[in-house]
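# Notes for the structure review
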Amino acid sequence: MSGLLLKGINKVYPSGVQAVFNFCLDIRDKEFIVLVGPSGCGKSTTLRMIAGLEDISSGELYIDGKLVNDVVPKDRDIAMVFQNYALYPHMTVYDNMAFGLKLRKVPKEIIDQKVKAAAEILGITDYLSRKPKALSGGQRQRVALGRTIVREPKVFLLDEPLSNLDAKLRASMRTEISKLHSRLATTFIYVTHDQVEAMTMGTRIVVMKDGFMQQVDTPQNLYDYPVNLFVAGFIGTPQMNFFKNARLVSEGNKVCVTFVGGNKIVLPKSVVARIKNINEYLNVDKDITLGVRPEDIHQDQAFIANSPETIIKARIEVIEKLGAETQIYCELDYDGKESSVIDNSTQMIAKISSRAVVSLKEVVELAFDAHHLHLFDGDTEASMLERDEGYEVIPENAEGSAFTPPTPQEMRAQIDAARIVTKEMKAQMRKDAKMAKRTAAMAAKENAETPADEDKAE
Ligand code: ADP
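### Things to note about the pattern of salt bridges
Taken as a whole and judged by the stated rule, the model has 23 salt bridges. The salt bridge partner of arginine 247 is aspartate 285, with a shortest N-O separation of 3.1 Å. Taken together, the residues span a long stretch of sequence, with arginine 247 in strand β11 (residues 241-251) and aspartate 285 in the loop between α9 (269-273) and β14 (288-292) at a distance of 38 residues. Measuring nitrogen to oxygen at the nearest pair gives 2.5 Å for the salt bridge that ties lysine 264 to glutamate 251.

If you want it as structure tokens, here you go:
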């Protein structure tokens, strides 16, 4: 059993930067947890605190029920693979993999067994006598993984291990690591800024922003039920289209969303039923954001004929033919206006069939798949929708759906508060230093005067 429990973990660097705020996560044995978010959101810091390479400023970290805040890295039974797989260039692959065990004085025969077994798992048996410089990037990364596998740690920590590889190799190593996870049946915690890596490998994903957790969920739930605007925009490529300053209005017994360019769509009853606190939004002076994924915008005539209530008109500005599909960049507010590349609030991207015949500057009819629309509160940016019944719940674990992320306003307030504390701390430190200097100067003066007095006395 190798579960981890992170309870209210905060990290403030000596420079005063608060990199992680109140990180709480229950990681169960054999899970593949991915921490994902843009650069600087605190992923590596969190991983390094788990490894024991960074102190935890406050909060508690348990591994297998044991508090390990003050346990040194080598006693945590954890192995970490870094982005730059630092192999010893003068050693063979075999010796690189055996090195850690030799340091731990493991008997030679056992080292041999473990190195060979790990090499077998990773498919590098044929390279054991080679030096790292005679290996490709992918093979080197495998050796780096091998070095950690031989130690049979309870938990593997991987910090962007694939980011130095080219796109094709990254894709194949992704599969290798997933296979490795199921073969070793150990807990993996993986850090990446790449949402595709996160989505393809994680059993659960933690999306982070500015040091705060945003959502903890399965890949499918993150895609289907993003809790806020940030997660909605982060997961999925091309990213979800957002129409800000939209409104929820009723027309007879129907509920509609009005948005840019005078467009209006009718929401299906099933979506209306999922809107939380609908009266806060319906027919009142309150902005909402409508979110539509590019793949939920359709151009084919059959779909449009079946969706008369979600048809919009848009002018095609750019066509990107990708072979398997075509992406069109459209302007919604096109009446006599040239669209600006900078103002993307009136533009959207749609993924349509590669067989579709469309031309530049053409005004086309498109229809939204209204069952997969997203609605967000204009102020808090939180999703306004409940999940559908039958969403994917992980067995024995519903905390993904129970976790509520802070709003942007709350995050800003906490970041500002941390900054004020840092400022006050720094001011106090300066004061203390000044005081210490003054005391030292006084003491020096006294010392200097004392012998003089003594001199006088003599
Ligand atoms: P990520 O892994 O998501 O890119 P990091 O955890 O590396 O983010 O960094 C989070 C924040 O902490 C960033 O603002 C970064 O500049 C800051 N930071 C990281 N390491 C240090 C350090 N050693 N000293 C001070 N600030 C740091």
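Read on, since the account is not over.
### Comments concerning the site of the ligand
Every residue near the ligand is listed here: Tyr13, Ser15, Ala19, Pro38, Ser39, Gly40, Cys41, Gly42, Lys43, Ser44 and Thr45. Threonine 45 is positioned such that a nitrogen or oxygen atom in its side chain is 2.4 Å from an oxygen atom of the ligand. When the ligand is considered free in solution it has 560 Å² of accessible area, and contact with the protein chains removes 61% of it. Element by element, the count of residues in the shell around the ligand is highest for helix α1 (residues 43-51), at three residues. Classifying every residue of the shell around the ligand gives four nonpolar, six polar and one charged.

### Points about the confidence of the model for the protein chain
Mean pLDDT over the protein chain works out to 89, with 93% of the residues at or above the 70 mark. Within the protein chain, helix α11 (residues 399-402) has the poorest average pLDDT of any element, 55, and strand β20 (residues 374-377) the best, 98. Residue range residues 451-458 is modelled with pLDDT below 50. Its contacts to residues more than four positions away, or to other chains, number zero contacts.

### Some remarks on the packing of aromatic side chains
Counting across every chain of the model gives ten aromatic pairs. Relative to phenylalanine 212, the ring of phenylalanine 21 has its centre 4.2 Å away and its plane inclined at 10 degrees; by these criteria the two rings are stacked. Of the two residues, phenylalanine 21 sits in strand β2 (residues 18-27) while phenylalanine 212 sits in strand β10 (residues 212-217), which places them 191 residues apart along the sequence. Centroid distance phenylalanine 32 to tyrosine 190: 5.9 Å. Interplanar angle 45 degrees. Geometry classified as tilted. Residue phenylalanine 32 is found in strand β3 (residues 32-36), and its partner tyrosine 190 is found in strand β8 (residues 187-192); the two are separated by 158 residues along the sequence. For phenylalanine 32, a relative accessible area of 1% translates into the label buried. For tyrosine 190, a relative accessible area of 0% puts it in the buried group. Among the aromatic side chains, those forming a connected cluster through ring pairs are Phe32, Phe156, Phe188 and Tyr190. Over the ring of tyrosine 223 we find arginine 293; its NZ or CZ atom is 4.1 Å from the centre of that ring.

About the thresholds
- Counting of residues starts from 1 at the beginning of each chain's written sequence and follows it residue by residue.
- Since the coordinates come from a predicted model, pLDDT governs what is reported: local features require at least 70, and pairs of side-chain atoms require 80 or more to be given and counted, while whole-chain, interface and lining totals use all residues.
- Calculation of side-chain values draws on the structure's entire complement of heavy atoms; hydrogens and water are dropped beforehand.
- Think of a salt bridge as a Lys or Arg side-chain nitrogen and an Asp or Glu carboxyl oxygen that are within 4 Å of each other.
- A helix here means a DSSP run of H or I that spans at least four residues, while a strand means a run of E at least two residues long, and both kinds are numbered starting from the N terminus.
- It suffices for a single heavy atom of a residue to lie within 4 Å of a molecule or strand for the residue to be listed as near it.
- In the analysis that follows, any N or O atom pair within 3.5 Å is treated as a polar contact, provided that within protein one partner can donate a hydrogen and the other can accept it, and provided that, for residues neighboring in sequence, both atoms belong to side chains.
- Method for areas: the Shrake-Rupley scheme with a 1.4 Å probe, in which residue coverage is limited to the protein chains shown.
- Under the convention adopted here, Pro, Cys and the residues Ala, Val, Leu, Ile, Met, Phe, Trp and Tyr are nonpolar, Asp, Glu, Lys and Arg are charged, and Gly plus all remaining residues are polar.
- One number per residue, pLDDT, summarises how confident the predictor is, and it ranges from 0 to 100.
- Only heavy atoms enter the contact rule, under which two residues are in contact if any of them lie within 4.5 Å.
- Geometry of aromatic contacts follows a simple scheme: Phe, Tyr and Trp rings, the Trp one being its six-membered ring, pair when their centres are within 6.5 Å, and the pair is stacked under 30 degrees between planes, edge-to-face over 60, tilted otherwise.
- Relative accessibility thresholds used throughout: buried, under 20% of the residue-type maximum; exposed, over 50%; partly exposed, between the two (1.4 Å probe, protein chains only).
- Here, over-ring charges are defined by two tests on the NZ atom of lysine or the CZ atom of arginine: distance to the ring centre within 6 Å, and angle to the ring normal within 35 degrees.

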